[in-house]
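# Residue-level structural notes
Okay, here's what each chain looks like letter by letter:
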Amino acid sequence: MDLCYFAVDDGYAEAIIRGLRAGFLNEAQYTQMKSCTSIPELKSFLEETDYQNCLQADQPQIATSLLRQRLKKKLADEFDYIEAQATGTLSKFLFHLRCRFMIDNVVNMIEGLKNKIDIEVLLSNIDPLGWFPEIKNIKVLEGDDYANLYRDVLIDTPIGVYFMKFLDESIENMHENRTMNDIQNLFKEMKPEYIRTSLKKMWLEDFFRYSEENLPQTSKEGLVSLLKFEADFRTIQVIYNSIGNRDLNTVARIQTTRKQLCPTIGTLYPDCERQYLAAAQLEALREAVKGTENYRDLLKDAPDPLKREEFNVSTRTLDDIMYDEECRRYALAFDGQGSYAVFYAYLKLKEQEIRNIVWLAEMISRRLAKNHPGWKKIIIPFSHLRK
Amino acid sequence: MSFYRSKEMEFYHLVIPRESAWKVVNSLGFLDMIHFVDHDPGQPQINRPFSNYIKRCEEVLQKIKNIQDEMRLRKIPIKMCPDVKELLSSYGNINHQYFEELEHSIIQSANDLSQQQKSLKVSQDKLNLIIENIEVLKQANSLQQEERDFEESQLIPMKFLQIVGVILKEDELRFKRIIFRVTKGSCLINTVDIEHKFPTGQKVVFNIILREGTFVNEKITKIIDSFQATKFELPKGAVAYEQREQNLKQELVETQNLIEMTITQINIQLQGFSAVHKNCSQIEEIRIYVEKERYLYQTLNMLKMTSAVFSGQLWIPKVYFKFVEQTMRQLSNIDEQIPVGQLQQANTKENPPTYFKLNDFTAPFQEIVNTYGIPRYREINPALSTLITFPFLFGVMFADIGHGFLLFAFGIFICSQDLFNSSFKPFYQVRYMFLLMGFFAFYNGFIYNDYLSLTLNLFGSCYSLNNNEFERAEDCNYPFGLDPVWGVSANHIAFTNSYKMKLAVIIGVIHMTFGIILKGFNAIHSSNTLDFIFEFIPQFLFLLCTFGYMDVLIIMKWMTDFEDTSLAPSIITTMIDMILNPFATPEQPLFANAEDQLKTSQILLLIALICVPTMLVFKPLIINSSNKKKQEIQHHILEQKQSEENFEDIRSPSVNVHENSHHEEFGDLVVHQVIETIEFVLGSVSNTASYLRLWALSLAHSQLAEVFFHMTISDGIDDGGLLGAFGAIAFYPMFACSTFGVLMCMDLMECFLHALRLQWVEFQNKFYKADGYLFIPFSYQKIQSNEDAFDVDDTKSSNE
């Protein structure tokens, strides 16, 4: 039934998205990009595509980071426009999508400040999709005092909720008679990457719940299946990366960390939870997920994380396999009608495209030989649909 | 007759030595007579020889645009060029290095300009900072006064710390909140708006007062910093305060002077660009030159580059070839050291482009036809007959003496005026079309005798009122149009409906027959006997024998004077009987002799019935058999060749075989022909019915006019006297507005659209192939003086 009314409120926004579909680079264009030999050539090629306007003002020898920033800016502009056209549920939904980028920005800022990078540089590297006014105030952060940072700055922001939950959980997991010092030590040892993963997990859970409860039926179906896959992807990634990790030396520690980082949604949770939390080898992980969907096939080709040192650029890592699968699903979701999943998929696919272009720019600027395996490491959105 | 069929084209190979390519192509650009063919449309622009030049041109154009924007901002006038070609030809004998000089000087001046803008920005920032500081001092002073009073009234003296600064208005609330949280509420924040407008937005002075000795001081500084706000030190004591104020004021004046000076400098530089030279501003002149250069290089990119020569393929209209040749000869006369290269006629499998020489009158009509499809090369151009039929069909629907006259007068006005600089500019392109549309609406208004829903008694009616009955004078004919007496008769609508309906069908059948005849001409022109005999002739006969016959019946009925109108035969019944009861003698014959009529209709029906299978069967059969013959011959040759050459060169014959098998299969041919025939037969019925819109729209028009007239001024006029006059005057604005808005605007558009449909669907589908492509001359005329009008990318894409 909601399909009948979809276009009343959200038809225009969806139509814009469908129009933007034409802006995706196709396989022929990727081939041409690969044949570029210098950055100016790549830039002038991009100027003949949809990215024309966002690059025109720059020097031909554009830095990769600036290129990424420009591409992201264009995506953010499009997204801003769509958000401005959206009303009611859709505009809330789109705002939820932004939170993911906000988390990235906050963690990047924290990381940068810890490494004493200049604030101007940090601000210029912010993903425009996740910009919010308080972001510049993160500078107030003193040392590793995340609690104060939360209290002073982040409390007002959309992601404040996640940050609070994160702080609560971190402190709860400590032993009974903790002192102020212990807490400070905990923060000091905490890696920004860990913060990012936990925040994103919370966001994902929250987003999942939101989608399940508030969205119209069609959108719900589309999104829930996408988000479930993403949650499973995260879970597998966490387990996979923690196999053989030297920092996590005790069995108890490895289990708590995993438990804290693995989302509590998706098809793997809670049925296989006990198994995968305990998995110490790739084989065990494969065993744990074998009952669900086609994860076993995906993991079949993944290289063993215990031999991490032997990996080189030609290795098809788990991430590559997963991104490929993800891309296929998003492309399928993009073709669904009357569903908010389209917006989600669009954002994800555009991100993939930007990743591809930046990767190619990186390859070109390093002047790698054309038979280098890295050239093949791009996943072209919508290329799966033709097979 | 170049408008009847497109100009004959010839295909040429152009070979130019590398060093003179620029010169030759440059001089060809003034001719507007050459259509360059891209040698490889698939090749990306970047890989072409002149792409870096195009890039450079674009960069220079960007710089010029920046300068022009700056000029517009500073309200320095830019004079546009009236005639691009004249300007460009005034350069005389130059070469491609001239662009490099221009490029150099433009980049130089753009850099100067940006330098000056930068220093202007710096001083403006400084000015803003000073203004901020002054505001802060002003606010702080008044607060300090209060504070001092407060301190004096305190029993236990407490020390307070004061932090002042300026922050953006939009950050104000968040700033206050963060400060509140950090200090845990133990501070006083005060903000005052600054009236001065800053380029970054509205700003406010903030003033934080907290107890000295608290540790948060450092943190607050950090927060202020993170808001990118400015913090100002406060002078201690009244004397220091005054001194600071003095200093600041002095600085303010100095900075203002500096800014003024910089602005004058910038203005002087921009004035230089504005100077008029060769009939337009210098900057515009340069822009046009660079624009031309870019266009030239884009054209050069269509040529194929080999080591020492450029070779290109081009289409030249046959009649223009001598001009092109002449130009090239002249070029070699001017400077004998330049090798100009050569033109060679060649053969090609490509279809030639379609080119009509248009003028202001024919252009809009050609545009109407082109919107449907570009005529095939040397096909009859429907635009020729459209010149009259389109305005005429429009006129039939819009028929009204009053409205038509208004439109006609408007047409005369826009044709006689110099519209280019008036608010009527949008009509400039279509002014002659409006004139004709107005004329035919006016003319048809007389035929229908309809003047704003009234009838005009211009020549004296033939009827006179006698005892409430109309009597017709003997031997009297109303000379032109409808007798006005119908306007007051009871069966006015019934009569005009029947009259207009029949007229519409007659016009329709004539229009369609004309379309079919054009098809015949096309078949003769392309010497396609098959199409002529098995498509044109049966179609022509079919239409004439059915609906042509109906037209004859209509006219016969008009000519006959029936004593008792109830005995008059119905044409619809006659037509239906002709098909359903072909052997029954008509009860109410139109012909003098019923038997004659039966015979005539039987013969016509027979012809029409024979026509259908003729259209259907023969064409695919003949094409198929001739295809087979060809294939057999090909196979024969192939076999011979293969045995002769001992399978040596298999490649080229195999290509031939491939091309042959490209011919349509027999099944496809049959299906195609069946569709075509059914479409024609059904179409002749539905298209004839479609022409009834000529009647329907005319009816709608007259009824609307009548309603507006009766609802507004008619009562007042009927009443007469002073009251009636006032009533009519009071309602006149409503009448005028509705007439203008609904009839002159909306109904005009509606009639236009329906005329367009009749033109495209009913007329053009009878003969028009519309699968050609346009001849796009390489012409500097396209570089408009107006920035947005010229877009090379457009021409490029339509080219490919």
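Everything that follows concerns the structure shown earlier in this document.
A brief report on the enclosed structure follows. Remember, predicted model here, so these are calculated numbers, not experimental data.

In terms of regular secondary structure, chain B is built from 23 helices and 13 strands. Here the C-alpha radius of gyration of chain B, 41 Å, is well above what a compact globule of 800 residues would show, namely 28 Å. Dimensions of chain B along its principal axes, counting C-alpha atoms only, are 130 × 100 × 55 Å. Evaluated residue by residue, chain B yields a buried proportion of 44% over its 800 residues. Within chain B, counting contacts between residues at least 6 apart in sequence, those at least 24 apart form 79% of the total. Put simply, chain B shows about 43,200 Å² of open surface, and 59% of that area lies on carbon and sulfur atoms.

Moving on: the environment of Leu-123 of chain A. Residues and elements named next belong to chain A. Examined against the element boundaries, Leu-123 turns out to sit in helix α7 (residues 119-124). Residue Leu-123 is classed as partly exposed on the basis of its relative accessible area of 22%. Taking the C-alpha atoms as reference, Leu-123 lies 28 Å from Ile-378; in sequence the two are 255 residues apart.

With 18 residues of chain B at the contact, the number on the chain A side is 22 residues. When the two sides are added together, the surface that chain B and chain A hide from each other amounts to roughly 1,800 Å², 44% of it contributed by carbon and sulfur. Across the contact surface, chain B and chain A share 2 salt bridges. Counting across the chain B and chain A interface gives 1 residue pair in polar contact (both at pLDDT 80 or more). Broken down by secondary-structure element, the contributors of at least two residues to the side of chain B that touches chain A are α5 (172-182) and α6 (216-226) of chain B. Along the lines of polarity and charge, the residues of the side of chain B that touches chain A split into 6 nonpolar, 3 polar and 9 charged.

Here the focus is the sheet that holds strand β6 (residues 230-232) of chain B. In sheet architecture, strand pairing relies on hydrogen bonds along the backbone and comes in two forms, parallel and antiparallel. All names here are of chain B. Judged by pairing direction, the sheet is antiparallel, and its 4 strands sit side by side in the order β4-β5-β3-β6 without closing on themselves. With one partner strand each, in any of the chains shown, β4 (187-193) and β6 form the two edges of the open sheet. The mean inter-strand angle of the sheet, taken between neighbouring strand axes irrespective of direction, is 25 degrees. Its contacts with the sheet place α5 against β3 (160-168), β4 and β5 (203-211), and it is angled at close to 170 degrees to β4.

A word on the pattern of salt bridges. Scanning the entire structure with this criterion turns up 48 salt bridges over all chains. Notably, a salt bridge pairs Glu-8 of chain B with Arg-378 of chain B, separated by 3.8 Å at the nearest N-O pair. Here Glu-8 of chain B, found in the segment before β1 (9-17), pairs with Arg-378 of chain B, found in the loop between α10 (363-372) and α11 (383-397); they are 370 residues apart in sequence, far enough to count as distant. On the accessibility criterion, Glu-8 of chain B (37% relative accessible area) is partly exposed. Shared partners join several salt bridges into a network, and the residues in it are Asp-104, Glu-111, Glu-193, Arg-196 and Lys-200 of chain A.

Moving on: the nonpolar core. Membership of the largest hydrophobic core comes to 143 residues, with the highest contact counts inside it found for Leu-46, Phe-93, Phe-163 and Leu-285 of chain A. Tallying contributions element by element places helix α18 (residues 341-365) of chain A first for this core, with 15 residues. In this structure, Ala-21, Ile-106, Ala-110 and Phe-775 of chain B belong to the second largest nonpolar core, which totals 87 residues.

The next subject is the packing of helix α12 (residues 217-242) of chain A against helix α15 (residues 282-289) of chain A. Residues and elements named next belong to chain A. Interaxial distance between α12 and α15 falls to 10 Å at its minimum, and their mutual angle equals 160 degrees. Taken together, α12 and α15 sit at an angle that is classed as roughly antiparallel. For the element pair α12 and α15, the recorded crossing hand is right-handed. Here Ile-236, Ile-239 and Tyr-240 of α12 lie close against α15, whose contacting residues are Leu-282, Leu-285 and Val-289. Residue classes in the contact of α12 with α15 are distributed as 6 nonpolar, no polar and no charged.

Another point: the side chain of Thr-546 of chain B. Residue and element names in this part refer to chain B. Within the secondary structure layout, Thr-546 lies in helix α15 (residues 529-559). With a relative accessible area of 13%, Thr-546 lands in the buried category. A polar contact of 3.3 Å, which involves the side chain of Thr-546, links it to the backbone oxygen of Leu-543.

All right, on to the packing of aromatic side chains then. Given two aromatic rings, their pairing is described by the distance between the two centres and the angle made by the two planes. Within the structure shown, the criterion is met by 68 aromatic pairs over all chains. For the ring pair Phe-459 of chain B and Tyr-478 of chain B, a centre distance of 5.7 Å and an interplane angle of 65 degrees mean the geometry is edge-to-face. Of the two residues, Phe-459 of chain B sits in the loop between α13 (431-448) and β12 (463-466) while Tyr-478 of chain B sits in the loop between β13 (469-472) and α14 (492-525), which places them 19 residues apart along the sequence. Judged by its relative accessible area of 46%, Phe-459 of chain B falls in the partly exposed class. Among the aromatic residues, those joined into a ring-pair cluster are Phe-392, Phe-405, Phe-408, Phe-439, Phe-440, Phe-442, Tyr-443, Phe-446 and Phe-480 of chain B. Seen from the ring of Phe-334 of chain A, Arg-18 of chain A lies directly overhead, with NZ or CZ sitting 5.4 Å from the centre.

Rules used in this analysis
- Residues numbered from 1 in each chain as written.
- Chains lettered and ligands numbered in written order.
- Predicted model: local features only at pLDDT ≥ 70, side-chain atom pairs only at ≥ 80, totals over all residues.
- Heavy atoms only, no water.
- Helix = DSSP H or I, 4+ residues; strand = E, 2+ residues; numbered from the N terminus.
- Rg over C-alpha atoms; globule rule 2.2 N^0.38 Å.
- Buried < 20%, exposed > 50% of the residue type's maximum accessible area, 1.4 Å probe, protein only.
- Contact = heavy atoms within 4.5 Å.
- Areas by Shrake-Rupley, 256 points an atom, 1.4 Å probe, with all protein chains shown as cover.
- Buried area = accessible area lost by both parts, 1.4 Å probe.
- Salt bridge = Lys/Arg side-chain N within 4 Å of Asp/Glu carboxyl O.
- Polar contact = N/O pair within 3.5 Å; in protein donor to acceptor, adjacent residues only side chain to side chain.
- Nonpolar A, V, L, I, M, F, W, Y, C, P; charged D, E, K, R; others polar.
- Pairing = 2+ DSSP bridges.
- Axes fitted to C-alpha atoms, helices over the stretch in contact; angles between N-to-C directions.
- Core = buried A, V, L, I, M, F, W, Y, C linked by side-chain atoms within 4.5 Å.
- Parallel < 35°, antiparallel > 145°, perpendicular 65-115°, else oblique.
- Left-handed = near helix turned anticlockwise from the far one by under 90°.
- Phe/Tyr/Trp six-rings, centres within 6.5 Å; stacked < 30°, edge-to-face > 60°.
- Lys NZ or Arg CZ within 6 Å of the ring centre and 35° of its normal.

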